[in-house]
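Read off the chains here:
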Amino acid sequence: MERSLQDREIVSLLLEEVDEDPEDDIVFDSSDEESDEVTEETYETDSIDSEEDLFKIVDDENSSDSEIDVPLSELTSRPSGRTYKGKDGTLWYKLPARSNVRTRSENIVSGTPGVKILARDAKTPLECFNLFVGESMLLDILIHTNVRIRRTRLGLNTSNDYAYAEVGMDELKAVIGLIYLAGLYKSARQNLQDLWCNDGTGIPIFAMTMSLRRFIFIVNHLRFDDVDTRQERLSQDRLAPFRKLFEEFVSRCQQHYTPFENLTLDEELVAFRGRCKFRQYLPNKPGKYGIKIFALVDAKTFYSLNLEIYLGEQPEGPYKVSNKPHDVVDRLVAPVSQSGRNITMDNWFTSYPTYEHLLNHHKLTAVGTMKSNKTCIPEKFKTNSTMYSSQFGFQKDMTLVSYVPKPRKKVFLLSSLHHDVEIDLQSGEKQKPAVITFYNKTKSGVHNVDKLIRSYDVSRNSRRWPLTLFFWLLNSAGINAKIIQMLNFPDIKNNRRNFIKDLGIALIESHLKTRQKNTRLSTDLRKRIADRIGLDEGPPVKKTAPGVRRRCYVCTSKKDRKTQYFCETCKSHVCLDHAIFQCGNCFKGNVPENDED
C-alpha cells in the first residue's frame, strides 16, 4: 500500500508539469525555408484530449495489412449462440469462452518495475543526467566539434585565438547548461541578444558563463560524427550524422529502467522546417513539419524506453528496414519481449496479425483502436447505430468491441488483454465497455511526453537536422533523468522546474570557476561570478611608493595605462579595472599560504 501511494505521488508530480501552462505550445515560424523533399502522411491518430474526441469514426482508407482467418479448432468451446463473420471469413463468437479463469500466462509480468541496480544511487540532477548523456557521448561531441573548429580557423586564417579557440569539456557542459536554462525561462526560441542584454532586461547567468559571441560560435560548430567518413556512411544510412549518439542514448534508456505493466506505442514529431530527406508532414501535430519518431513509453511514469526515427526508404545496406506498422511494432517492443506487459497503440499500428504476433512471439498483450476498413470486422458491427450500445466478438485470445458514442459515429477496438463482456459502471448512462476505459487511461503516454517537452523546450531554430535532434535528445534526457530521481528518492519534493534549474547550474559551475580566474575579464564581472559560486575574491591591491607609476600588466600595450597599484602576491602592477579589493583583516589569514606557494 505504501509503495502504491508513492507511485501515485510520482505520477501526480509529473502531471502537474503536464497540465500547467496550457498556452506554452511552441509557435513555429512559418517563414522558414521549406524543402521539396517532403513525404505527406495524413492518416488519423488517437492523440485525443477529451473522451468525446476519442469516439470518432476512423477514416475508411485502404489498409496494407492483411487479415488472417482463425481456425475453429483454435477456439475453446462456448455455449450455443450466433457467430459473427468478417469479410475475410474471420469468426467472432458472441459469448466469451469462459467468464472466470485464472490469470493468463501472457498477463504475468516479469521483472520488478522501476529503476535498475546501475542507476539506484543517482540522486542529484547531474548524476541522473549523466546516466543518459554520459562522458563518452560528450567526448565524441567534443572531438568532432573541435575538428570542425580547426577547419573553420584554417579557412579564415585568423589570428583571433580567443574567438575561435577549441572547446574544452567544461565549456561544452556549460553550453548544454545554458541551453537547459534557456528552456527553463521559456526563452529557447527567443532572440539570444535578449538573454545576454546588460540593460537589466537580460538574464545575468548567461553573461557570467560566456559571451554571446562564444555561445553562438560553439552551438554553430556542434558536430556528432566523423566528417571524414560521413559520405561513405551516408551511402548506406540517412541518419549517419547522428546515428552513434542516438543509439547510445536509446541503449542507456533501456539499461537503467524496467517499465511498469502498461506501455504506450505512438509517434512524436520533432518540429523542423529545414532540408531533410526524411522530413514528414503531419497536419494533426502542432509543428506540422518535422522528423517523426516512434516511441515506446511507460504509460504510468512517461519514461521513454525505446525510440526509432522514421527515415523513409533507406539505401541498400544494413540499415534498410521495413516501415510497415507490423514491423515497426515488432522492433519497438523488443526491450519488453517475453515480459507479459501490455502495449496500447492507435489505429495506425493495430491489426489482427500484429496482435497475434505479439502474443505468440513476444508474450505481450495489446489494446488499440481499429480502422473501420479492416476486413476482420463483421458487417453487423458497422450497421449498429443505437447510441451507447456495444457489441462484442470473442476468440480464444482476442476480443473485438464496437461502441456507438454518438449517432452515426462508431469506434472499434481490438484487445488481447480483455476476454469478457465488462461495462464500466462509472461511465453512467453511456455504458462504455471496460476496454474503452482502459484504452483512455493508457493511450496518452507519448502524448504526455510531448506536453512535458513543450513545458520547458530547449529547442532552438536551426536549419541543421542533427542539431535539432540533439535538442530533442536533451529534452528527453531531462524527462527520464527526473523520473529516475523521483523513483530513487520519493521523499525529494522537487518539481521538474527546480530540477532543470539545478541541472543547468550544475553543468555550468565548473566553467564558472575557471572563468572567474580569467584576468582579462572586468573586475565587476569576476566579482559577480565569485559571488555566484561562493569563492573568495583574492589578495588585496596596494599602492607603490608615491610618484612610482608603471603600466598595468593586464591591459594591452595599446592602452598604455599607467597605475600606482600592484598585487600584494606577485608584485605586478595592475589598474583598478583588473583589481580585486579585500580588507587587511580578511587577507591576513591568506598571506602565509601565499608565501609558501
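Rules used throughout
Residues numbered from 1 in each chain as written. Predicted model: local features only at pLDDT ≥ 70, side-chain atom pairs only at ≥ 80, totals over all residues. Heavy atoms only, no water. Helix = DSSP H or I, 4+ residues; strand = E, 2+ residues; numbered from the N terminus. Buried < 20%, exposed > 50% of the residue type's maximum accessible area, 1.4 Å probe, protein only. Contact = heavy atoms within 4.5 Å. Areas by Shrake-Rupley, 256 points an atom, 1.4 Å probe, with all protein chains shown as cover. Arc of directions from axis to C-beta. Phe/Tyr/Trp six-rings, centres within 6.5 Å; stacked < 30°, edge-to-face > 60°. Salt bridge = Lys/Arg side-chain N within 4 Å of Asp/Glu carboxyl O. Pairing = 2+ DSSP bridges. Axes fitted to C-alpha atoms, helices over the stretch in contact; angles between N-to-C directions. Parallel < 35°, antiparallel > 145°, perpendicular 65-115°, else oblique. Left-handed = near helix turned anticlockwise from the far one by under 90°. Nonpolar A, V, L, I, M, F, W, Y, C, P; charged D, E, K, R; others polar. Expected span 1.5 Å × (residues − 1). pLDDT = per-residue confidence, 0-100. Core = buried A, V, L, I, M, F, W, Y, C linked by side-chain atoms within 4.5 Å. 1 Å grid on protein atoms, 1.4 Å probe; cavity = no way out; pocket = protein on both sides within 12 Å on 5 of 7 lines; lining within 4 Å. Points joined across faces, edges and corners; volume = space filled by probe spheres on them.

The name an unreviewed UniProt entry gives the chain is PiggyBac transposable element-derived protein domain-containing protein, with Parnassius mnemosyne as the organism.

K.L.:
Account for the overall build of the chain, with residues named and values stated.
P.N.:
Counting its secondary structure elements, the chain contains 20 helices and 18 strands. Per-residue burial for the chain yields a buried fraction of 52% across its 597 residues. The contacts in the chain between residues at least 6 apart in sequence include a share of 68% that link residues at least 24 apart. Only carbon and sulfur atoms are counted for the fraction: they give 48% of the accessible area of the chain, which is about 28700 Å².

K.L.:
Explain helix 18 (residues 523–533) to me, using residue names and the numbers behind them.
P.N.:
Along helix 18, the residues that are buried comprise Thr 523, Leu 525, Arg 526, Ile 529, Ala 530 and Ile 533. Take helix 18 and look down its axis: the buried residues cluster within an arc of 165°, on one side only. For helix 18, the elements touching its buried residues are helix 7 (204–209) and helix 17 (496–516). Within two residues after helix 18, Gly 534 carries a phi angle of roughly 75°, on the positive side.

K.L.:
Help me get a handle on the packing of aromatic side chains, residues and values and all.
P.N.:
Following the criterion strictly, the structure yields 20 aromatic pairs and no others. Ring plane angle 85° and centroid distance 5.7 Å describe the contact between Phe 129 and Tyr 180, whose orientation is recorded as edge-to-face. One end of the pair, Phe 129, is in helix 3 (residues 125–130); the other, Tyr 180, is in helix 5 (residues 169–184), with 51 residues separating them in the sequence. When its relative accessible area of 1% is taken as the criterion, Phe 129 is described as buried. Ring centres of Trp 196 and Phe 206 lie 5.2 Å apart, and the angle between their planes is 65°; this geometry places the pair in the edge-to-face category.

K.L.:
Let's hear about the environment of Ser 385: which residues, and what values?
P.N.:
Structurally, Ser 385 is set in the loop between helix 13 (379–383) and strand 12 (390–394). Sequence separation between Ser 385 and Pro 407 is 22 residues; the distance between their C-alpha atoms is 6.4 Å.

K.L.:
I'd like to hear about the pattern of salt bridges, residue by residue, with values.
P.N.:
Think of it this way: side chains of opposite charge can pair up when their charged atoms draw near. Scanning the model with the defined rule gives 16 salt bridges in all. Where Arg 214 meets Glu 171, a salt bridge forms, and the shortest distance between an N and an O atom there is 2.8 Å. One end of the pair, Arg 214, is in helix 8 (residues 212–220); the other, Glu 171, is in helix 5, and 43 residues separate them in sequence. When the shortest N-O distance is used, the salt bridge between Lys 527 and Asp 531 registers 3.4 Å. With Lys 527 and Asp 531 both in helix 18, this residue pair falls four residues apart, about one helical turn. Given a relative accessible area of 40%, Lys 527 falls into the partly exposed group.

K.L.:
An account of the pairing of strand 12 is requested, with residue identities and associated values reported.
P.N.:
With four of five residues buried, strand 12 lies mostly within the body of the structure. In terms of strand pairing, strand 12 meets strand 13 (residues 399–406) through five bridges, oriented antiparallel. Residue pairing in the sheet places Ser 390 in a bridge with Tyr 403 of strand 13. Where strand 12 folds back on strand 13, the antiparallel hairpin that results is connected by four residues.

K.L.:
Give me the side chain of His 362: which residues, what numbers.
P.N.:
Tracing the backbone through its elements, the reader meets His 362 in helix 12 (residues 352–362). Given a relative accessible area of 9%, His 362 falls into the buried group. If we ignore the near neighbours within four places in the chain, the residues touching His 362 are Asp 330, Val 333, Ser 337, Gln 338, Ser 339 and His 357.

K.L.:
For the packing of helix 5 against helix 17, give the residues involved together with the corresponding values.
P.N.:
As a packed pair, helix 5 and helix 17 sit with axes 8 Å apart at the nearest point and diverge in direction by 150°. As far as their axial angle goes, helix 17 and helix 5 are roughly antiparallel. The element helix 5 and its partner helix 17 pack so that their crossing is left-handed. Here Asp 170, Glu 171, Lys 173, Ala 174, Ile 176, Gly 177, Leu 178, Tyr 180, Leu 181 and Leu 184 of helix 5 lie close against helix 17, whose contacting residues are Arg 497, Ile 500, Lys 501, Leu 503, Gly 504, Ile 505, Leu 507, Ile 508, Ser 510, His 511 and Thr 514. Among the residues forming the contact of helix 5 with helix 17, the class breakdown is 11 nonpolar, five polar and five charged.

K.L.:
Explain helix 16 (residues 465–488) to me, using residue names and the numbers behind them.
P.N.:
Here helix 16 contains 24 residues, and its C-alpha end-to-end distance of 35 Å stays within 8% of the 34 Å for a straight helix at 1.5 Å per residue. Judged by how many residues are buried, helix 16 sits mostly within the fold: 24 of 24 residues are covered.

K.L.:
Lay out the confidence of the model for the chain with the relevant residues and their values.
P.N.:
Mean pLDDT for the chain: 82, with 80% of residues reaching 70 or above. For the stretch residues 20–77, pLDDT sits under 50, and the model shows 127 contacts to residues farther than four places along the chain or on other chains. Confidence drops under a pLDDT of 50 for residues 591–597, and excluding neighbours within four residues, the segment shows two contacts in the predicted structure.

K.L.:
Describe in detail unusual backbone geometry, supporting the description with residues and values.
P.N.:
Although it is not a glycine, Lys 363 adopts a positive phi angle of roughly 55°. With a relative accessible area of 30%, Lys 363 lands in the partly exposed category. In this model, Tyr 388 sits at a positive phi of 65°, which is unusual for a non-glycine residue. In this fold, Tyr 388 is placed in the loop between helix 13 and strand 12.

K.L.:
So, the nonpolar core: which residues are in play, and what are the values?
P.N.:
One finds Tyr 180, Phe 242 and Phe 470 to be the most contacted residues of the largest nonpolar core, which totals 125 residues. The element contributing the most residues to this core is helix 16, with 14 residues. If we ignore the near neighbours within four places in the chain, the residues touching Phe 242 are Phe 224, Trp 465, Pro 466, Leu 469, Phe 470 and Leu 473. The next biggest cluster of nonpolar side chains, apart from the first, holds 11 residues, and it includes Val 401, Leu 413, Ile 436 and Phe 438.

K.L.:
Could you give an account of empty space enclosed by the protein, with specific residues and numbers?
P.N.:
Counting across every chain of the model gives six cavities of 30 Å³ or more. Roughly 60 Å³ of volume is contained in the largest cavity. Taken together, Met 137, Asp 140, Ile 141, His 144, Phe 224, Lys 244, Leu 245 and Glu 248 make up the lining of the largest cavity. If you list the elements that add at least two residues to the lining of the largest cavity, you get helix 4 (135–156) and helix 10 (243–255). Per element, the largest residue contribution to the lining of the largest cavity is four residues, and it comes from helix 4. There is about 50 Å³ of room inside the second largest cavity.

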